[in-house]
Amino acid sequence: MMKPTSWILPVLFALFLLPAPTQAGSGSLDQARTLFQQGKFKQAQARLKEARSHSADKSTIPYYLGRIALHNHERARAVDLLQQAVEKAGDQADHHYWLGRAYGERAKHANIFQRAYFASHTKKEFKKAVEADPDHVHARVALVMYTLQAPGVLGGSRAEAEAQAKAVAQRNQVAGLRARGLLQEQAGNPDKALSLYREATRIAPDRNPPHRWLAGLLRNQGRYQEAFAVYEDRMNADQPDRVAFYEFALTAEKANRRLEEAEERLHTYLERGSAPEQPSRADALVLLGQVLEKQGRIGRARTALRNALNRAPEHPRAEAVLEPLKAGL
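The shown structure was predicted, so the numbers you read here are calculated from the model rather than taken from an experiment. (Residues numbered from 1 in each chain as written. Predicted model: local features only at pLDDT ≥ 70, side-chain atom pairs only at ≥ 80, totals over all residues. Heavy atoms only, no water.)

Caption draft 1: A look at the overall build of the chain. A tally of helices and strands in the chain yields 17 helices and 0 strands. Whereas a compact globule of 329 residues would reach a radius of gyration of roughly 20 Å, the chain reaches 20 Å, a difference of no more than 12%. Dimensions of the chain, computed from the C-alpha atoms along their principal axes, are close to 55 × 45 × 45 Å. Counting all 329 residues of the chain, 54% fall into the buried class. (Helix = DSSP H or I, 4+ residues; strand = E, 2+ residues; numbered from the N terminus. Rg over C-alpha atoms; globule rule 2.2 N^0.38 Å. Buried < 20%, exposed > 50% of the residue type's maximum accessible area, 1.4 Å probe, protein only.)

The structure is reproduced here in structure tokens:
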């Protein structure tokens, strides 16, 4: 039976990186944008705060601060900042899209009374992104996911999802395969979805997201060895996919196998750092805690989880995973 919140768009939904906004800005703002794209979020945040006092661009600063807050699991702060960006920028598609993502995270973790409000705003912002830029395939794919998974009373509609998937395919072949794959997954046809994702990897063999879609569905189907093989291929590519190290560990934790390798992969991921649209360091530390717990290394698991909470006090899973481990103190 589907959990009450399982249909809501997860934070780790990623298709490919968004292009950097092109608004003109001060030196501090330009530096902040570069630091953000490099995953140096603390330094980017400092530059953004410097730019507040002298930059004429009043929308880009809250936009990036909002995205940093979202990366750090500060959901309410992310919504507030991205609302400011939308109010000051008008019809900037990226701003609406990321505000929709932030609302989606709030809905995912809201109580039953607030959930409908945040969920309806999630779809509303995705639609505004498409209205502002009909070629914004990220927003269109997000709408496919939302309308497939949400109940009808909150805007769910397979017909709407199919229409958006068609629009995506007209604009981007690889993203179109993703959208069609989501339709097949929701219809209970995983083999057809896997075929579409394999086609995407053939069309764009050097791009990481299609391989992630393929391996992620294999993992969800319990086909762990096949998923491991995809991740190992991407980790050993000429330009290794950093996310593959995290996803390998996620698969190992779910399968309860290859846990020592999972620990090693997570340490590699933490050493290399995360970037926009990638799991945060806190996410990796939580997963490390789960892997260590399954190995019976409870003390080290507690340490990893406390480190996650130090980095992201509002992390949605860290405290829940840590709490049962406190009994042994």
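Back to the text.
Caption draft 2: Quick look at the packing of aromatic side chains. All chains considered together, the criterion is met by 10 aromatic pairs. Here the aromatic rings of Tyr97 and Phe126 are separated by 5.8 Å at their centres, their planes lie at 35 degrees, and the arrangement is tilted. Here Tyr97, found in helix H5 (residues 93–108), pairs with Phe126, found in helix H6 (residues 112–132); they are 29 residues apart in sequence, far enough to count as distant. Each of the two residues, Tyr97 as well as Phe126, counts as buried. Clustering of aromatic rings is evident, with ring pairs tying together Phe36, Phe41, Tyr63 and Tyr64. (Phe/Tyr/Trp six-rings, centres within 6.5 Å; stacked < 30°, edge-to-face > 60°.)

Caption draft 3: Up close: the pattern of salt bridges. One pass over the full model with this rule turns up 21 salt bridges. In this structure, the salt-bridge partner of Glu247 is Arg219, at a minimum N-O distance of 2.9 Å. Of this pair, Glu247 sits in helix H13 (residues 242–255) while Arg219 is found in helix H11 (residues 208–220), placing the two residues 28 residues apart along the sequence. Here Glu247 and Arg219 have matching classes, each one buried. Residues Asp233 and Arg234 are paired through a salt bridge, measuring 3.8 Å at the closest nitrogen-oxygen approach. Residue class for Asp233 comes out partly exposed when judged on its relative accessible area of 45%. Here the salt bridges share partners, and the residues they tie into one network are Asp191, Arg198, Arg223 and Glu226. (Salt bridge = Lys/Arg side-chain N within 4 Å of Asp/Glu carboxyl O.)

Caption draft 4: Main features of the environment of Glu319. Along the chain, Glu319 turns up in helix H17 (residues 318–322). Of the residues examined, Glu319 reaches a relative accessible area of 35% and is grouped as partly exposed. In this structure, the C-alpha to C-alpha distance between Glu319 and Val286, residues 33 residues apart in sequence, is 9.3 Å. If near-sequence neighbours (up to four positions away) are discounted, Glu319 is found in contact with Leu309 and Lys326. (Contact = heavy atoms within 4.5 Å.)

Caption draft 5: Structural context of the environment of Arg158. One can find Arg158 in helix H8 (residues 158–171). Taking C-alpha positions, Arg158 is 9.7 Å from Ala187, a pair spaced 29 residues apart along the chain. Apart from the residues lying within four places of it in its own chain, the contact partners of Arg158 are Thr147, Leu148, Leu183, Gln186 and Ala187. A polar atom in the side chain of Arg158 sits 2.8 Å from the side chain of Gln186. (Polar contact = N/O pair within 3.5 Å; in protein donor to acceptor, adjacent residues only side chain to side chain.)

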